[in-house]
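Each chain is listed here by its residues.
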Amino acid sequence: MEKLIEIEGLTKRFGAFTAVDGVSFSVSRGEVLGFLGPNGAGKSTTMKMLAGFVAPTAGTARLGGRDVQRETVAARRLLGYLPEGAPLYPEMTVTGFLRFIAEVRGFRGAEARERIARVMELTNLHGVRELPIETLSKGFKRRVGLAQALLHDPPILVLDEPTDGLDPNQKHEVRTLIQRMAPEKAIIISTHILEEVEAVCTRAIIIARGRVIADAPPAELAKRHPSGSLEETFRALTTAPLAEAA
Amino acid sequence: MGPVLAVMRREFAGYFATPVAWVFIVIFLVLQGTLTFSLGGFFERDQADLIPFFQFLPWVLVLLVPAITMRLWAEERRLGTIELLLTLPLSQGQAVGGKFLAAWAFTLVAILLTFPFVITVNVLGSPDNGAIAAGYLGSLLVAGAFLAMGAACSALTKSQVIAFVIGVALCFVFAASAFPVVTDFLSHNLPLLATIARKLSLIDRFQNFVRGVIRLPDVVYLASQIVFWLTVNTLLLEHKKAD
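Below: a short report on this structure. Keep in mind that this is a model prediction, so the values were computed, not measured.

**Concerning the overall build of chain B**
Each helix and strand counted, chain B has 13 helices and zero strands in total. Scanning chain B from its N terminus toward the C terminus, one meets helices and strands in the order α-α-α-α-α-α-α-α-α-α-α-α-α. Expressed as lengths along the three principal axes of its C-alpha atoms, the size of chain B is roughly 55 × 45 × 30 Å. Here chain B, with 243 residues, has 52% of them falling under the buried criterion.

**Examining empty space enclosed by the protein**
Inspection of the entire model under this criterion finds two cavities of 30 Å³ or more. One number sums up the size of the second largest cavity: a volume of about 30 Å³. Along its surface, the second largest cavity is lined by A:Y81, A:R105, A:Q148, B:L84, B:T87 and B:L88. Split into classes, the residues belonging to the lining of the second largest cavity amount to three nonpolar, two polar and one charged.

**Here we look at the nonpolar core**
The biggest cluster of nonpolar side chains holds 150 residues, and the ones touching the most others in it are A:F97, A:F100 and B:F146. Residue contributions to this core peak at 13 residues, all from helix α8 (residues 129–154) of chain B. Here B:F146 is in contact with B:P58, B:L61, B:V62, B:V65, B:C171, B:A175 and B:L202, once residues within four sequence places are set aside.

**Focus on the interface of chain A and chain B**
How big an interface is tends to be expressed through the accessible area that disappears when the partners come together. At the junction of the two partners, chain A supplies 24 residues and chain B supplies 25 residues. Summed over both sides, the interface of chain A with chain B buries roughly 2,300 Å², with 67% coming from carbon and sulfur. The interface formed by chain A and chain B holds three salt bridges in total. For B:R9, the salt bridge is made with A:E103, and the minimal N-O distance between the two is 2.4 Å. Our enumeration of links across chain A and chain B arrives at seven residue pairs in polar contact (both at pLDDT 80 or more). Considering each element in turn, the side of chain A that touches chain B owes the most residues, five residues, to helix α3 (residues 94–104) of chain A.

**Details of the pairing of strand β3 (residues 32–36) of chain A**
Residue and element names in this part refer to chain A. In terms of burial, β3 is a largely internal element, five of the five residues being buried. Neither face of β3 is exposed, since V32, G34 and L36 on one face and L33 and F35 on the opposite face are all buried. Note that β3 and strand β8 (residues 186–190) share four bridges and pair parallel. The residue of β8 that forms the bridge with G34 is I189. Across four bridges, β3 lies against strand β9 (residues 203–208) in parallel orientation. Looking across to β9, one finds that L36 is bridged to I206.

**Brief notes about the environment of A:T45**
All names here are of chain A. As for its position among the elements, T45 is in helix α1 (residues 43–50). In the structure, T45 is positioned 10 residues away from A55 in sequence and 9.8 Å away in space, judged by C-alpha atoms. Sequence-distant contacts of T45, defined by excluding residues within four places in its chain, comprise K12, F14, A19 and V20.

**What to know about the sheet that holds β8(A)**
All names here are of chain A. Taken in spatial order, the six strands line up as β6-β7-β8-β3-β9-β10 in an open sheet, and their pairing is mixed. With partners counted over all chains shown, the strands left at the sheet margins are β6 (79–82) and β10 (211–216), one partner each. Pairs of neighbouring strands in the sheet enclose a mean axial angle of 15°, with direction left out of account. Across the sheet, helix α5 (residues 138–150) touches β6 and β7 (156–160), and the angle it forms with β6 is around 165°.

**Considerations on the pairing of strand β1 (residues 3–14) of chain A**
Consecutive residues of a regular strand have side chains that alternate between opposite faces of the sheet. Residue and element names in this part refer to chain A. As defined by bridge partners, β1 adjoins strand β2 (residues 17–28) across eight bridges and the pair is classed as antiparallel. Counterpart to K3 in the pairing with β2 is S28. Hairpin remark: β1 followed by β2, antiparallel, with two residues in the connecting loop; positive phi at G15, about 60°. Note that β1 and strand β4 (residues 58–63) share five bridges and pair antiparallel. Pairing of I5 across the sheet is with L63, part of β4.

Definitions and cut-offs
Residues numbered from 1 in each chain as written. Chains lettered and ligands numbered in written order. Predicted model: local features only at pLDDT ≥ 70, side-chain atom pairs only at ≥ 80, totals over all residues. Heavy atoms only, no water. Helix = DSSP H or I, 4+ residues; strand = E, 2+ residues; numbered from the N terminus. Buried < 20%, exposed > 50% of the residue type's maximum accessible area, 1.4 Å probe, protein only. 1 Å grid on protein atoms, 1.4 Å probe; cavity = no way out; pocket = protein on both sides within 12 Å on 5 of 7 lines; lining within 4 Å. Points joined across faces, edges and corners; volume = space filled by probe spheres on them. Nonpolar A, V, L, I, M, F, W, Y, C, P; charged D, E, K, R; others polar. Core = buried A, V, L, I, M, F, W, Y, C linked by side-chain atoms within 4.5 Å. Contact = heavy atoms within 4.5 Å. Buried area = accessible area lost by both parts, 1.4 Å probe. Salt bridge = Lys/Arg side-chain N within 4 Å of Asp/Glu carboxyl O. Polar contact = N/O pair within 3.5 Å; in protein donor to acceptor, adjacent residues only side chain to side chain. Pairing = 2+ DSSP bridges. Axes fitted to C-alpha atoms, helices over the stretch in contact; angles between N-to-C directions.

Shown next as structure tokens:
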């Protein structure tokens, strides 16, 4: 299997606080990795380091074999990234924003228009294409963020809470979209919704206090608790005292 | 160059997405006009030149340029879009350059809109239009230096107000460093610093342009001010982008 995402010993310290502590894993093409953990466990920081936004204190992250810190631009071309909270430029229209992303990514003219039309189709944005982003609902904003990450049809997707703020129908659409793209991409999604992990992820990593404490397919993780539910396993693992967790 | 132009276009359009651009341009022109005609004695001097106009321009820029640059990075930080922008496939230098060029282009529009002064002085007499052109070139370079300083200040904080205040202070230091008040004080106490302060002054360099003299050292000095502050801007982003 082609490993598209490789993380080795990734560590981030903020002063005395260690947000991410020696995290290592890799994700191959065709895998959808669910990134789970309580708030403040280090999920977003790990994703920010993967996207090259936060510089790690130690360790390396590679996208498609390219070091995120040293071959930054080359690594980022392979990545579609939805940052935490899906930040967007509020005064731009949806089309104007996607045109900007297309331009930065080097798409011009007809190709840019085709790509924008395609991602609008995928994320159901056609109805709001000429509206300023600030007037959109939370669900639409999240989808604009997704559209931006998919525009260049990247082999690697890192999506920080892609379904946050969506209604149940929209959540279902996004999950279907992720499942459809899964075979040819390596995808990491972070989420608090455990049923989502069972629905779309081929593998789940649970992270707590900056460390990976479990890494297995969701069904297998669920079996670790007598009740057989992923939620119980999650709770048991992440509320355990530090000594046990480590 | 593609990503730089993309960032520049987005940022430039951003100025006109809100009334801010128009408010800025109107205030700039009113301020510049008032100062030139009343304090500068444009008519009373009875001379066909734009010396009174150029005399006040750098000071108006000290006050207004940081208002153009304050949102460049502070707003990206506040909205969190800095994470989006700086994870796109472009280098930090390209992002800094694109934003600077947008702010410079906007300032160019504002400065060019002072063309009625040129027409007026040409109708009333026969001025040295070469000197006027040199004055405009100098204005653009001084504005560029102030813009680069303001942009660097904007990278420091997520508050536009703080970016503005620090920006005005920084621009003022470089504008006023050759003032007699400053240099007299320094030459009494620290003679070496007085010489440095005089050399650093943007206004002294600018005066040469206004007299119609384009000297290579002045152009190089102002260009290196721009490059220096854009580098500071890039380094600040590098070290503080995720804070």
